[in-house]
Amino acid sequence: MLYPIATESRVVVNLSGIWKFMTDKEVEPIEVSQPLPTNEVVAVPASFNDQTVSKETRMHSGYFWYEKEFTIAKALRNERLVLRFGSATHEAWVYLNGKEITYHKGGFTPFEVEINNYLVDGPNRLTVRLSNLLDYTTLPVGNYSEEKDENGRIIRKVDENFDFFNYAGLHRPVNIYTTPRDYIEDIVIVPNVDLAAKKADVHFSIKTAGAFDEVRVTVLDEEGKQVAQASGNDTNISIDNVQLWQPLNAYLYTAKVEGVKGGETVDVYEESFGVRKVEVSSGKFLINGEPFYFKGFGKHEDTFVQGRGLNEAYNVLDINLMKQMGANSFRTSHYPYSEEMMRLCDREGIVVIDETPAVGLFHGFGFDLSGKNANSTWSVLKTTEAHEQVIRELIDRDKNHACVVLWSIANEPASHIEGAHEYFEPLFNLARQLDPQKRPCTFVNILMATPNADKCSDLVDVIALNRYYGWYLQTGDLSKAEEETRKELLEWQEKYPDKPIMYTEYGADTVAGFHSAYGEPFSEEYQEDYYRMNSKVFDEISNFVGEQLWNFADFQTKFGIQRVQGNKKGIFTREREPKMVVRYLSNRWNNIPNFGYKK
Ligand code: BDP
């Protein structure tokens, strides 16, 4: 699906700003033929939760409504008009002037609908009913329950089966964009690089709707100079002396795609793309033929007031902080991030592990690590359909991004429980079949799923581990934790000598400003000692290709006795102030090259 941009043939109308808002008490039905009966407002894009001063609204589980009026200029009315949501979390029913025009389930991927037939002259009323409910059929997975109050009203509850706050709302831009009646619908770009010859053959498949005499693709370099041109819906363009997209040294070409009719360009779309090669071979993760070392983070989309909503200033700051630390990558834990962030990473050369919202695939997930209900995971959860859908939608959205080098199919599923392999094998097959660039695939492995216990690692290209030796296990005992870390990493390496191994999470909750002469857990000293211990072991393991710590910044979670105003494993606070460990890690990472660290 193409990102909405303005071109010579397209206009984008941004519907961000102030919308009407109300939670649905489910006392009486909401009449969508009438304006919403509320004076409350929210800003879009953002989560609704932290914009209110009402605890009840903030914690509301169930249905809620957004509404906005807009008018379309007469000059645009003959164009094809498409209403597009960057996301609607987690489920949305969309009405225009009281008529339902589309529906989408899944809170982290875009969807769109043509609206010409529903528009009226003058103001149009766009109403969205949303739900933030999660259960055993959705991704993420939620523990859903309901009861009735004394008046018979249904009280719904979602207990997150994962460790982040269930923020919801219109988190990403809502736009109306125009296209001509005959238009370019999608563009698929697959670069094939001959590294020795410094040459690339780039394949373009252009999906169009309507009739064009010619579909023309012009490749422009970063100066806007024409590199090459070709015609056809399926066409190859060769680029000599190709400039590669490299981590932290991104080069982006632009594909200008034109639909031509009667000698005139009717529709034009510009998609930027990077040329780079990604492979896994002999225990190494190769980018452009060189063994890459991941340095970076698991993150969240999580900022003050905006909640999980798009916050471009924070995105820019976060990437600047990463670069300053010598980091080169992050994982979109635990859901697809905004398209704006993906475009920024393409341009900044930040390497991304792109994750689906498949988190909580572990029956009774909790922080006590007892895993007492885990055995029933694959009989209780009914997430296959949602999982297939998110894989389709994620790959469809992000397929052209140079920054994406690895798909993460899930975070911490119960991969050590009977039924896991049967669940995952078809999903890995699906992702591999759908990705036109055939990137490697992984899932992120939970700490109980040790080399002997795990049932799914044969499916992955990269072994991606979340490990908490010295935190959840051997709390406070870093020498024992070191032994366990080394032992397990060596076991993985022995079992799968050809698969690169990396950490996608490791961390210790740390209260900023809390110090301890004894390096006690939760102190800034302990966080630093913990990372030093891990680094030491990583450097001993030859197939260990990356360290992405948990977490970039402190973040909001559900309530729990192990969480004091959220998860404190950030190496930055939620306001992005550095904790002490940032100096140590900056020094380490600035001295680790992006390539060739492990011989
Ligand atoms: C892992 C999860 C992550 C948590 C983290 C933690 O993947 O979402 O926030 O551990 O406990 O279980 O901090």
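Attention here is on the structure that accompanies the text. Just so we're clear, the structure is a prediction, and the values are computed from it rather than from any experiment. (Residues numbered from 1 in each chain as written. Predicted model: local features only at pLDDT ≥ 70, side-chain atom pairs only at ≥ 80, totals over all residues. Heavy atoms only, no water.)

**A word on empty space enclosed by the protein**
Inclusion rule: Here a cavity denotes a set of grid points, spaced 1 Å apart and computed over the protein atoms alone, in which a 1.4 Å probe fits but from which it cannot get out, and a pocket denotes an open set meeting protein on both sides within 12 Å along at least five of seven lines; residues with an atom within 4 Å of a point are reported as lining. Grid points are joined across faces, edges and corners, and a volume is the space filled by probe spheres set on the points. Note that Gly is not counted as nonpolar here; it falls among the polar residues with everything else outside the nonpolar set of Ala, Val, Leu, Ile, Met, Phe, Trp, Tyr, Cys and Pro and the charged set of Asp, Glu, Lys and Arg. Under the DSSP-based scheme used, a helix requires at least four consecutive residues in state H or I and a strand at least two consecutive residues in state E, with every element numbered from the N terminus.
Inspection of every chain in the model, using the stated rule, returns six cavities of 30 Å³ or more. Space inside the largest cavity adds up to approximately 300 Å³. Lining the largest cavity are 25 residues, with Asp163, Phe365, Phe367, Glu412 and Glu505 sitting closest to its centre. Within the lining of the largest cavity, the residues separate by chemical class into twelve nonpolar, seven polar and six charged. There is about 100 Å³ of room inside the second largest cavity. Along its surface, the second largest cavity is lined by 16 residues, and Glu301, Asp302, Gly309, Asn311 and Asn315 are the ones closest to its centre. Tallying contributions element by element places helix α2 (residues 312–325) first for the lining of the second largest cavity, with three residues.

**A look at the pairing of strand β21 (residues 284–287)**
Quick reminder of the rule: For every residue, the accessible area (1.4 Å probe, protein chains only) is compared with the maximum for its type, and the residue is labelled buried under 20%, exposed over 50%, or partly exposed between those bounds. Strand pairing requires that DSSP identify at least two bridges connecting the strands.
A two-sided burial pattern is seen for β21, the buried positions comprising Lys284 and Leu286 on one face and Phe285 and Ile287 on the other. From the end of strand β20 (residues 278–281) to the start of β21, which pair antiparallel, there are two residues, and Ser282 there has a positive phi angle of about 45°. Bridge analysis of β21 against strand β22 (residues 290–291) gives two bridges, and the strand direction is antiparallel. Note that in β22 the partner of Ile287 across the bridge is Glu290. Taking the residues between adjacent antiparallel strands as the criterion, β21 and β22 are bridged by two residues, where Asn288 takes a positive phi near 55°.

**Quick word on the packing of α2 against helix α3 (residues 339–348)**
The relative placement of two packed helices is expressed as an angle between their axes plus a distance between the axes. Inclusion rule: The convention used is that axes are lines fitted to C-alpha atoms, helices contributing only their stretch in contact, and that angles between N-to-C directions extend from 0 to 180 degrees. Take the far helix as your reference; a near helix turned counterclockwise from it by less than a right angle gives a left-handed crossing, and one turned clockwise gives a right-handed crossing. Any two residues whose heavy atoms approach within 4.5 Å at even a single point are treated as in contact.
The contact between α2 and α3 brings their axes to 11 Å, and the two run at 35°. When the axes of α2 and α3 are compared, the crossing they make is right-handed. Contact residues: Glu312, Asn315, Val316, Ile319 and Lys323 in α2; Glu340, Met341, Leu344, Cys345 and Glu348 in α3. Looking at side-chain class alone, the contact of α2 with α3 contains five nonpolar, one polar and four charged residues.

**Some details on the sheet that holds strand β8 (residues 111–114)**
Two strands in a sheet stick together by hydrogen bonds in their backbones, pointing the same way (parallel) or opposite ways (antiparallel). Taking strand neighbours across the sheet as the criterion, the four strands line up as β1-β12-β5-β8 in an open arrangement whose pairing is antiparallel. Since the sheet does not close on itself, it has two edges, and those belong to β1 (12–14) and β8, each with one partner. Going from strand to strand, the sheet's axes swing by 25° on average, the running direction of each strand aside.

**Side note on the side chain of Glu505**
Which entries qualify depends on this criterion: Any pair of N or O atoms that falls within 3.5 Å is considered a polar contact. Within protein, one atom must be able to donate a hydrogen and the other to accept it, and sequence-neighbouring residues count only if both atoms are side-chain atoms.
Along the chain, Glu505 falls in strand β29 (residues 501–505). A distance of 3.0 Å separates a polar atom in the side chain of Glu505 from a polar atom in the side chain of Asn466. With residues near it in sequence (within four places) discarded, Glu505 still touches Arg331, His334, Asn411, Glu412, Leu465, Asn466, Arg467, Tyr468, Gln548, Leu549 and Trp550.

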